[in-house]
Amino acid sequence: MALALQVQKAYPNDAAIVHWRGIKVTDPNEFDLFLRGPVRARVTDQDFEAQLAQDLQALATTEMATATLGNLLKAKVAPLDWEIGEALAECLLEEEFGVRWPWNENRDRKTPRASLPGADLVGLLDDGDDTVFLFGEVKTSSDANTPPGVLAGRGGLINQIDTLAISGEIHLALVRWLAARCKGTTLWDKFQKACTRYLNSNGKDVALVGVLLRDTQPHLDDLRTRGEALAARDEQQPRMRLDAWYAPRVISSWVQITMEDA
Amino acid sequence: MTSWAIQALSPTNRRTAESVVGESLLADLGRKLPERPPSFAFTSRAYEFAVSSLLDEDDAVSDLREAAELAFESLRAVPPPHGTEAKALHLLHTACYGVLGDRTPDVARYLRSISLPERPTEGTEWGKQVRESVYRVWLLLLRKDGWADLDAVLHDVVSLRQAQAGAEKAYLDAAASPKTSAWELIASYHLSKAAEILAIYSAQGSVHGGFNIREQLQGQFDRSITACERAELLELHATIRLLRATADRMVANSIWTVTRAVNSRVTRFVSQLVDRSREKPIFEMLPPQRITLRENGLLGSGHRAVVVSLPTSSGKTFIAQFRILQALNQFDADRGWVVYIAPTRALVNQVCAKLRRDFTPLGVVVERVSPALDIDGVEAELLAESDPAVAFRVLVGTPEKIDLLLRGGWEAKIGRPLTLVVVDEAHNLSSGERGLKLELLLATINRECRQSQFLLLTPFIANGGEVAKWLSPDSHADMTVEFDWRPNDRAIAIVKPTKGDKSGDFNLSLTTMHTSKNTIEVDGDIVLCTGRELGLTWSKVNNSLSNVAAVAASCLNRRGTVIVVAGKVPHTWTVARTLANDPAYEDKVAAREAERGPRSNDDIAFVSDFVAKEFGTDFELVDLLKKRIGLHHTGLSEETRVLMEWLTERGSLDTLVATTTIAQGVNFPVSGIVLSAHQYPYGEDMPPEDFWNLAGRAARANQVGTGIIALAATTDERAEVLRTYLTRNISQLNSTLIAMVKAALARGGPLELHTLYWMKEWSAFLQYLAHSYRQIGDHAEFANQIEQVLRGSLGFQKLRQQDTGTANRLVAAVHDYAAMIRGKPLALVDSTGFSWESVSHALAGVGAAGLRAENWDPSSLFSARDTSLQRAFGVLFKVPEIRAELEEATGGKGRDGDLLARIVKDWVAGASIPDLADEYFTVAKESRTEAITRACRAVYGKLTLTASWGLAALQTLTAGDEVERMSTADRKAFRNLPSRIYYGVNSDEAIDLRLLGIPRNAAQPIATRMGRLGVATGVRATREALNNMDDAAWREALGAGGPTYKRAWKVLEGLE
């Protein structure tokens, strides 16, 4: 699928390197349209209010009080920066690599802006005629330092991806979730293929992606240390890649742009 | 079929996981657990995933069961994590997998073996409090340990509602993601409501007047799942989907669901089973029960003949109870009755006690008939009872007795139709002469009892459908539970000694075996002991299977009671003595007490007191019992054996040493079985059905821990024999008739039936022919119907299919035989249980011996001067149906009518077993134990049944119609004479008491006391008087031993 944004590869220069890269989105207007289009669709749900009324009515059958919960859930709250970031990463991966997300098939079930525990991204990535699971983490940062602070440390992108690579517990949760969402949809075949590969390989044959979303000028050092280490791993499983996207709009404006005229 | 997800795993991973699971289940044998390979966690999660992927598929029942069972086993092998929430979730998931894997008894055991997380304390953060509460109520529901758990569920759900107002808002105000937290609360509230609904349904079968339990639950679960989806609560989502499927299965297992809309009697029965007054209320059916009664449709089935083929310990009797109630309801207007056929006296008593306990509150009278092959006066009264309030509706007995009863025309005398025949352990149809008798009995009932229906209960057999079809070609069903249900985990192992490092030392190791039954297999050997266990040296164990078995039992019995199965009676004593002579015995007792606290000695003291009273204080078993070693073989009285079973069931014994006969159907919960022999005393391999039946006793449904079945070997050759033995498959249920006919033809010459009567199985067949001939009543008509009569048997039907030539020869031989019995008084065949040939020889014999009706005088028959009995035995020694047993009754001294008459007279006069042993069964250079063993085998094993049968037969042959002309009292006394021999007492009053289960030594003294108090005679009055006797009354009758006998009676009758 073609990306609806004009981009420039910022780094590295070596075309053979595929495990890490920096990409600059060049046209601010296109970026705005992208936010207001697929990204906004991902973070909002028009039918939600009608369904909420039903949910609350059903809650009354439990003989628990419903007022506090009702008020809280009915209140409208604007999305947060990171929520826009995760939705943006999903849309970029979908458009560029054809990654399939379970919510593609189940729009109606999804509440706005829920966040998966264990991983920010879980989907299916085509690999020729075959399919593998794609698990990923997303970080959004305006930090002027390179690399930005969100990459390092326990809660940093690098560590999160490493954990995601080896944590069977997280895999089970994600795969189970994905299965439940794909069952009975057109994605089920792909899911089975990916899952078979996963089970055959003792949990190694998956694709992992770390996405760094920035509003700074592209800088090689944002990903270089970790990227070079990844390149040295060569064909080892699980497959890992790091993408840094450099947006033409400051992160603090994303919410506003996304929700404009909404 | 195996789910695609499990197929995607490498075989190595699966085998590794299986081994890890096996290691953990056998961890209590002392082997250090090897470190878990990293692949185990992965495989275990893959199993969990496989379950998850199958949850919503309607057509993947067996895939789901398999995956869930694997997930259950893997998770159970992992210690629960620390932390209340994590632990609760681990237990919850494990239990759910267990329920979906149809391993409910294991789930209950698992949850009872681990302390459940406590109720969250007040002030705990609301979100955490809700989660912990909800997990806990579901764990309680899954454990369902009596009413307390269900009550706790309802209590906790209400408490949660009450606590909400004060805690919820503050929690949400402080939450980092308030909306996510809100959705999580909503999901949990629905779960808590679902738990409440299920608890109410389990308790009373409806919820707020509604029976739509599934819809009510579904509503809550759907909302709960929606809430998880709204907030992408992955983990909770997975848990709820699992719980939804589990709850659905729990509803299916609920006794209310299984028995819904059958009839009011069944509903009343169920209400009573779940009643709060019951110590162990039954809320759920075991999976095979659910499958048989509901999914296979036994309840509500209109099939005339049904074979229910289930693994051992699936609760077959329970299944039969529902079918019985259904049959009683069906023929209520005619007051139809049901006969329950069980193979042994012990089982008859056990089943009767259970049915009485359960059915008496429903107003259904259950009676049993003794295995004695005559209908004595007491039984005749009981059978002919016409008062609807007390007349039996269910009759329990052995096949031979029921055969005698029905051939004797008792259905007509009872005056009500036989409506259902339940055959327990129906695989016995294949076993020799007894099997053939049972087969022909069923054929007879099928021909002659218009309303009869059949329910055959067997452990797994391959041809259930064929057997059901035999009994009813137009209306039959095979209700085999197709999957290999395991009531518990079992390992089958070979136990073998090897030479130790030091001189005289040895090691004893278990090697788990691969079997067809999904038993535990671990890599490598498990060393049970090293050194000189039981004080034995290498030279003493390396060629003695008995010693290997004793050592194995000694190593295994700290886990719970072990049964050692020995080939012959003397071997049981050897093993028991070896165990008792353990030099480390005191240390082991002390160690055990230190570990588990002191054990009560009451049961042991009571039984050893009983044994001392029966066999003398110097009888070896008395001291063995004090060391918690029991014995079970034909060298003991039936009553003693039942008490041994009772001690075993209560876990009071460490080891029970038995002969292979124990394989026949007694319900023993034990943690281990050690076989020093896998063959019956006559050298034949125990059939696989019997072996698996026995193996099924290891760690049964209500017993904790892994069952271990160890087969002793001393050499590699024997180990190989055992290995091969274990791979033998369960056979088809085949009639003995085919082999019998072929063997007769193989001997050459024409097939002349009248020359074959000396063989017991042929005698049974000839009696079947004579009975059918008599029923048809016309020679020409019988000749026309021969093919039909033969086709009534399973064997002939198969013979026709397999070998027409042989079948035709049999038909021709029956034609010839019919001509020979034409015009003969064949009623005597039915009333004696002898073939016509034996009857005619006996008739000649009694004539020659000068025996007539007046010889059977109750006042003199058993007196020393009277020679009638001596002459009678002289005649009976020539009757092939009983002569071998009568010879054995003399203790191997041959056909000595005089000796046998003296033994019988002493026995009837009240001589104790030690007295008889001293007088008749002592052989030079043999111990007293051996003499007593021989006396018991002769008296209990042969004399009581055979001599009483023989006497009854001769009474019939000599008395003719005179019996009918006797006064009622005289007739009763006359009919009771054989029972004096059977029960070993010398009065009709004592016979009444014996029939009611009073031990022999107590019967006469109590009868005397009752006579003194003027208690009316007859079973009903005696039963009432007995129930009113307190300890003091028993003491008054029997002296200091009164309370022991009272308790023995209660135990023997299944009242304690």
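Residues numbered from 1 in each chain as written. Chains lettered and ligands numbered in written order. Predicted model: local features only at pLDDT ≥ 70, side-chain atom pairs only at ≥ 80, totals over all residues. Heavy atoms only, no water.

**Considerations on the overall build of chain A**
Stage number 1. Regarding its fold elements, chain A presents 9 helices and 6 strands.
Stage number 2. Here the C-alpha radius of gyration of chain A, 19 Å, is about what a compact globule of 262 residues would show, namely 18 Å.
Stage number 3. Projected onto its principal axes, the C-alpha coordinates of chain A cover approximately 60 × 45 × 35 Å.
Stage number 4. Counting contacts in chain A only where the partners sit at least 6 residues apart, residues at least 24 apart contribute 74% of the total.
Stage number 5. Roughly 11,300 Å² of accessible area belongs to chain A as shown, and the carbon and sulfur atoms make up 50% of that amount.
Stage number 6. Charge-centre separation for chain A: the mean point of 29 positive side chains lies 2 Å from the mean point of 38 negative side chains. (Helix = DSSP H or I, 4+ residues; strand = E, 2+ residues; numbered from the N terminus. Rg over C-alpha atoms; globule rule 2.2 N^0.38 Å. Contact = heavy atoms within 4.5 Å. Areas by Shrake-Rupley, 256 points an atom, 1.4 Å probe, with all protein chains shown as cover. Lys, Arg positive; Asp, Glu negative; His and termini not counted. Charge placed at Lys NZ, Arg CZ, Asp CG, Glu CD.)

**Observations concerning the packing of helix α42 (residues 928-959) of chain B against helix α44 (residues 968-983) of chain B**
All names here are of chain B.
Stage number 1. Their axes nearest at 7 Å, the elements α42 and α44 cross at an angle of 160 degrees. Relative to α44, the element α42 is oriented roughly antiparallel. The way α42 lies across α44 gives a crossing that is right-handed. Residue-level contacts link Leu-943, Thr-944, Leu-945, Ala-947, Ser-948, Leu-951, Ala-952, Gln-955 and Ala-959 of α42 to Phe-974, Leu-977, Pro-978, Ile-981 and Tyr-982 of α44.
Stage number 2. Of the residues contributing to the contact of α42 with α44, the split by class is 11 nonpolar, 3 polar and no charged. (Axes fitted to C-alpha atoms, helices over the stretch in contact; angles between N-to-C directions. Parallel < 35°, antiparallel > 145°, perpendicular 65-115°, else oblique. Left-handed = near helix turned anticlockwise from the far one by under 90°. Nonpolar A, V, L, I, M, F, W, Y, C, P; charged D, E, K, R; others polar.)

**What about unusual backbone geometry?**
Backbone phi values are negative for most residues with the exception of glycine, while trans is the configuration of most peptide bonds.
Stage number 1. For the bond running from Tyr-11 of chain A to Pro-12 of chain A, omega is -10 degrees, close enough to zero to count as cis.
Stage number 2. By the secondary structure assignment, Pro-12 of chain A is in the loop between β1 (7-11) and β2 (20-25).
Stage number 3. Of the consecutive residues Thr-146 of chain A and Pro-147 of chain A, the connecting peptide bond is found in the cis state with omega at -10 degrees.
Stage number 4. Within the secondary structure layout, Pro-147 of chain A lies in the loop between β4 (130-141) and α5 (157-166).
Stage number 5. Here Arg-335 of chain B, not a glycine, exhibits a phi torsion of approximately 55 degrees, which is positive.
Stage number 6. Within the element layout of this structure, Arg-335 of chain B appears in the loop between α15 (316-330) and β2 (337-341).

**A word on the side chain of Gln-453 of chain B**
All names here are of chain B.
Stage number 1. Residue placement: Gln-453 occurs in strand β6 (residues 453-458).
Stage number 2. With relative accessibility at 5%, the residue Gln-453 sits in the buried group.
Stage number 3. Leaving out residues up to four positions away in the same chain, Gln-453 has contacts with His-303, Arg-304, Arg-323, Ala-327, Gln-330, Phe-331, Thr-419, Leu-420 and Val-421. (Buried < 20%, exposed > 50% of the residue type's maximum accessible area, 1.4 Å probe, protein only.)

**A few points about the nonpolar core**
Stage number 1. Ranked by size, the top nonpolar core spans 389 residues in total, and within it Phe-133 and Phe-191 of chain A together with Trp-138, Phe-322, Phe-691, Leu-753 and Phe-765 of chain B carry the most contacts.
Stage number 2. Ignoring any residue separated from it by four or fewer positions in sequence, one finds Phe-133 of chain A in contact with Gly-123, Leu-124, Val-175, Leu-178, Phe-191, Ala-194, Cys-195, Tyr-198, Val-206 and Ala-207 of chain A.
Stage number 3. Counting residues in each nonpolar core, the second largest holds 37 residues, with Val-369, Leu-406, Ala-468 and Leu-794 of chain B among its members. (Core = buried A, V, L, I, M, F, W, Y, C linked by side-chain atoms within 4.5 Å.)

**Some remarks on the environment of His-190 of chain B**
Stage number 1. Along the polypeptide, His-190 of chain B turns up in helix α9 (residues 178-204).
Stage number 2. Each C-alpha atom, one on His-190 of chain B and one on Leu-217 of chain B, is 9.4 Å from the other, the two residues being 27 residues apart in sequence.
Stage number 3. Once residues within four sequence positions are removed from consideration, His-190 of chain B is found in contact with Ala-58, Leu-59, Thr-61 and Thr-62 of chain A together with Gln-220, Arg-223 and Ser-224 of chain B.

**Some details on the interface of chain B and chain A**
Stage number 1. Contact residues are listed per partner, giving 44 residues for chain B and 48 residues for chain A.
Stage number 2. In total, chain B and chain A occlude about 4,300 Å² of area from one another, counting both sides; carbon and sulfur atoms represent 62% of this.
Stage number 3. Seen at the junction of chain B and chain A, the total is 7 salt bridges.
Stage number 4. Of the charged contacts, one joins Asp-55 of chain A and Arg-230 of chain B as a salt bridge, the two residues approaching to 2.7 Å between their closest N and O atoms.
Stage number 5. Connecting chain B to chain A are 13 residue pairs in polar contact (both at pLDDT 80 or more).
Stage number 6. Elements supplying a minimum of two residues to the side of chain B that touches chain A: α1 (4-7), α3 (38-54), α8 (147-174), α9, α10 (213-230) and α11 (234-253) of chain B.
Stage number 7. No other element matches α9 of chain B, which puts 10 residues into the side of chain B that touches chain A.
Stage number 8. A breakdown of the residues in the side of chain B that touches chain A according to their chemical character gives 21 nonpolar, 8 polar and 15 charged. (Buried area = accessible area lost by both parts, 1.4 Å probe. Salt bridge = Lys/Arg side-chain N within 4 Å of Asp/Glu carboxyl O. Polar contact = N/O pair within 3.5 Å; in protein donor to acceptor, adjacent residues only side chain to side chain.)

**Remarks on the pairing of strand β6 (residues 239-246) of chain A**
All names here are of chain A.
Stage number 1. Across the 8 residues of β6, 6 count as buried, placing the element largely inside the fold.
Stage number 2. Bridge count for β2 against β6 is 5 bridges, and the pairing is parallel. When the sheet's bridge partners are listed, Arg-21 is paired in β6 with Asp-243.
Stage number 3. Judged from the 8 bridges that link them, strand β5 (residues 207-214) and β6 form a sheet pairing that is parallel. Bridge pairing links Leu-213 to Trp-245 in β6. (Pairing = 2+ DSSP bridges.)

**Structural notes on the sheet that holds strand β3 (residues 366-368) of chain B**
All names here are of chain B.
Stage number 1. Spatially, the 7 strands line up as an open sheet ordered β3-β4-β2-β5-β6-β1-β7, and their pairing is parallel. Since the sheet does not close on itself, it has two edges, and those belong to β3 and β7 (476-480), each with one partner. Taking the axes of each pair of neighbouring strands and ignoring which way they run, one obtains an average angle of 15 degrees across the sheet.
Stage number 2. When strand β5 (residues 418-423) meets β6, the two strands line up parallel, connected through 4 bridges. Its bridge partner lying in β6, Val-421 is registered against Phe-454.
Stage number 3. Packing of helix α21 (residues 464-471) onto the sheet brings it into contact with β1 (305-309), β6 and β7, and relative to β7 it is tilted by some 155 degrees.

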